[in-house]
Each structure stands twice: as C-alpha cells, then as structure tokens.
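Chain by chain, the residues run as shown.
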Amino acid sequence: MLCLFFKATAQDKPTSSAAPVTGQVTDEQGLPLPGATVQLLSTNAMSVTGKNGVFRIPAAATSGTVIVSFIGYTTLKYPYKLSDGPLLIRLKPAANSLDEVQVIAYGKTTKRYNTGNVTSISAADIEKQPVSNVLAALEGRVPGMVVSQTSGVAGSSFNVQIRGQSALDATLSRNDPLFVIDGVTFESGNTATNQINSAANNPTSISSGGLSPLNTINPADIESIEVLKDADATAIYGSRAANGVVLITTKKAKPVKLK
C-alpha cells in the first residue's frame, strides 16, 4: 500500500514549464500600444498589452512565434527565443484608403480630413481603359457624374453633367463642369477650340465642327483626376464652378536618388 501511495504522488507532481514570453508592443515612433493582442502560434495562448504596451504569455517552449495585431496596424508574426530576453515589437500602420492624397482647389489633403465631396481617379484606373479622351475614362467611375459622347466619330466631344443640370444659362456653360489642368482653367463649357473641319461634333456637316479640346491631352500623362461636386468648388472658383469642377493633374518629374 505504501508503494502504491508514493507512486501516485509521483504521477501528480507537476512538470516543469518554460519561462513566460514577455515584451513590449510599440508603434514606429516607439510609443506604446495598449490593447494590442499577442498570441502564441503554437498553443494559441493569448494576452493583451497593458497601458505601457507590455505583455506576458506563459510559454510551453523556449522558442516559437507570436502573432501581434492591433486596430489600424499591420498584423505581425514575430519569432522569439526565451534566451534573448524581453521582446520589442514595432508595428507599422496599415494602408488605409482614408489616408490617400487628394488634390483639391486650394492644395492637397486626405480623405480623412477632407470635408467636401471629392472623388479621385488614379492613373492606374485611367491606364486600364484604352481611350483617347480622358473624359471617357471617368464614365461609370464617379458617383453622380454622367458622361456621354456626342457622336461615334473619333475626336468628338463629351457631355458631362455632375448631379444634373444646374446652370441658368445653358448657352454659356452647357451645364458642363469647369475643367482645371495643373491649376490653369481650361476651355469653358468643353467647347471645341480649333477650326478643323470635322464631323466629330456636327455629324450633319463636315464643313464645321471641331475636335474636343481634351483630346489633346494624352491619358498616359495624367497622374490623377479629382471631381469636386459641392459648395467647396464654388467657394474657390466662383460661379464658373456651379456645375462642379474637374481637376486634372499631369505627371511631373520627381527628385529621386540615382541608382
């Protein structure tokens, strides 16, 4: 009986375990991130960082991998060894559409801090469409904007309306928005600026017409297009922007280091 008793006691004795995994989670500037989730990949043991970004997780092995996640930051898999001491994990901010740069009438901002109704079209979206007129690339991509071609002849102009017709005198603006290219206002009303005889804008007669002025801009040279739809457009450009503003920014050389 005594032998059996001691044998049972030896079985109930707890086994030794490895030391806990400890460390701190910070951002790129070294500021602690409280509330970040730290999880062991092998055992799924989990912990949450405190107000100083410090965490502590019981570990079953002397090495492994921890998964660190936090709202607004990229989830990171970080290898650890208990012999290296406490971990120092830095998280990088996750890419967010709210931080995309937008060009507006008085400078640049981001979606996060923009108070107006602005829709941005990037160069990558324009390059996906084989068009000769940049307005054709906006068709179906801007909410509240209707783009229609006047005829099927190459070089014909486009009728553009933002949120319907709002101009009192249609002979001046034709309810078209104001086009601004690199800060310079373009032809008002999107009317033809040349005297080339063409049936593009006048299918009934080839002795008049003219090509669309925006056909002179290579879509591959455009970096971005911003469409301003509400009162912030008229606050900058006045009554000319009563039908909205289309801001076109072309590509420019940027200073970079030589390789």
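Our structure is the block above this text.
Residues numbered from 1 in each chain as written. Predicted model: local features only at pLDDT ≥ 70, side-chain atom pairs only at ≥ 80, totals over all residues. Heavy atoms only, no water.

Even after reading the chapter, I still don't get the overall build of the protein chain, so can you show me in this structure?
Scanning the protein chain for helices and strands turns up 4 helices and 16 strands. Working note: accessible area of the protein chain is about 15700 Å², and carbon and sulfur atoms make up 57% of it. (Helix = DSSP H or I, 4+ residues; strand = E, 2+ residues; numbered from the N terminus. Areas by Shrake-Rupley, 256 points an atom, 1.4 Å probe, with all protein chains shown as cover.)

For this particular structure, what's the right way to read unusual backbone geometry?
As a rule of thumb, non-glycine residues mostly have phi less than zero, and peptide bonds are mostly trans rather than cis. Positive phi is not limited to glycine here, since asparagine 44 has a value of about 65°. With respect to the element layout, asparagine 44 can be found in the loop between strand E2 (37-40) and strand E3 (46-48). Even without a glycine there, the phi angle at aspartate 182 is positive, about 55°. Relative to the helices and strands, aspartate 182 resides in the loop between strand E13 (178-181) and strand E14 (184-185). Relative accessible area serves as the criterion here: at 37%, aspartate 182 is assigned to the partly exposed category. (Buried < 20%, exposed > 50% of the residue type's maximum accessible area, 1.4 Å probe, protein only.)

Quick question: what am I supposed to make of the side chain of aspartate 27 here?
If you trace the backbone, aspartate 27 turns up in the loop between strand E1 (21-26) and E2. No salt bridge is formed by the buried aspartate 27; the nearest opposite charge belongs to arginine 90, separated by 5.7 Å. In terms of polar contacts, aspartate 27 uses its side chain to reach the backbone amide nitrogen of glycine 30, at 3.0 Å. Looking at aspartate 27, its side chain comes within polar contact range of the main-chain nitrogen of leucine 31, at 2.6 Å. For aspartate 27, the contacting residues outside a window of four places in its chain are Leu33, Tyr73, Arg90 and Leu91. (Lys, Arg positive; Asp, Glu negative; His and termini not counted. Salt bridge = Lys/Arg side-chain N within 4 Å of Asp/Glu carboxyl O. Polar contact = N/O pair within 3.5 Å; in protein donor to acceptor, adjacent residues only side chain to side chain. Contact = heavy atoms within 4.5 Å.)

Help me out: how do you make sense of the sheet that holds strand E10 (residues 118-122) in this one?
The strands making up a sheet associate through hydrogen bonds between their backbones, and the pairing can be parallel or antiparallel. Strand order in the open sheet formed by 5 strands is E10-E15-E16-E13-E14, with mixed pairing between adjacent strands. In the strand order of this sheet, the two ends are held by E10 and E14, each with one partner. Judged from the 6 bridges that link them, strand E15 (residues 222-228) and strand E16 (residues 245-250) form a sheet pairing that is antiparallel. Its bridge partner being in E16, valine 227 is matched across the sheet by valine 246. (Pairing = 2+ DSSP bridges.)

Which parts of the structure should I look at to understand the packing of aromatic side chains?
To describe a pair of aromatic rings, one takes the distance between the centres and the angle between the planes. Inspection of every chain in the model, using the stated rule, returns 1 aromatic pair. With 5.7 Å between their ring centres and 50° between their planes, phenylalanine 70 and tyrosine 73 make a pair best called tilted. (Phe/Tyr/Trp six-rings, centres within 6.5 Å; stacked < 30°, edge-to-face > 60°.)

Teacher, can you tell me more about the nonpolar core here?
Within soluble globular proteins, side chains that are nonpolar generally end up buried alongside one another. Ranked by internal contacts, the top residues of the largest apolar core, which has 22 residues, are Leu135, Met145, Leu214, Ile222, Ile225 and Ile248. Going through the elements one at a time, strand E11 (145-149), strand E12 (158-162), E13, E15 and E16 are the ones with two or more residues in this core. Ignoring any residue separated from it by four or fewer positions in sequence, one finds isoleucine 222 in contact with Ala123, Ile126, Val134, Ile217, Ile248, Thr249, Thr250 and Lys251. One finds Val21, Phe55, Ala59 and Tyr80 within the second-largest nonpolar core, a separate group that totals 15 residues. (Core = buried A, V, L, I, M, F, W, Y, C linked by side-chain atoms within 4.5 Å.)

Looking at this model, I keep getting lost on the pattern of salt bridges. Mind explaining?
Pairs may arise between side chains of opposite charge once their charged atoms sit close together. Across all of its chains, the model carries 2 salt bridges by this definition. When the shortest N-O distance is used, the salt bridge between lysine 251 and glutamate 127 registers 3.5 Å. Of this pair, lysine 251 sits in the segment after E16 while glutamate 127 sits in helix H2 (residues 123-127); the two residues are 124 residues apart in sequence, bridging distant segments of the chain. Here lysine 251 falls in the partly exposed class, since its relative accessible area comes to 42%. With a shortest N-O distance of 3.3 Å, aspartate 182 and lysine 252 are connected by a salt bridge. One end of the pair, aspartate 182, is in the loop between E13 and E14; the other, lysine 252, is in the segment after E16, and 70 residues separate them in sequence.

Everything listed here is a matter of coordinates, which is why it stays silent on function.
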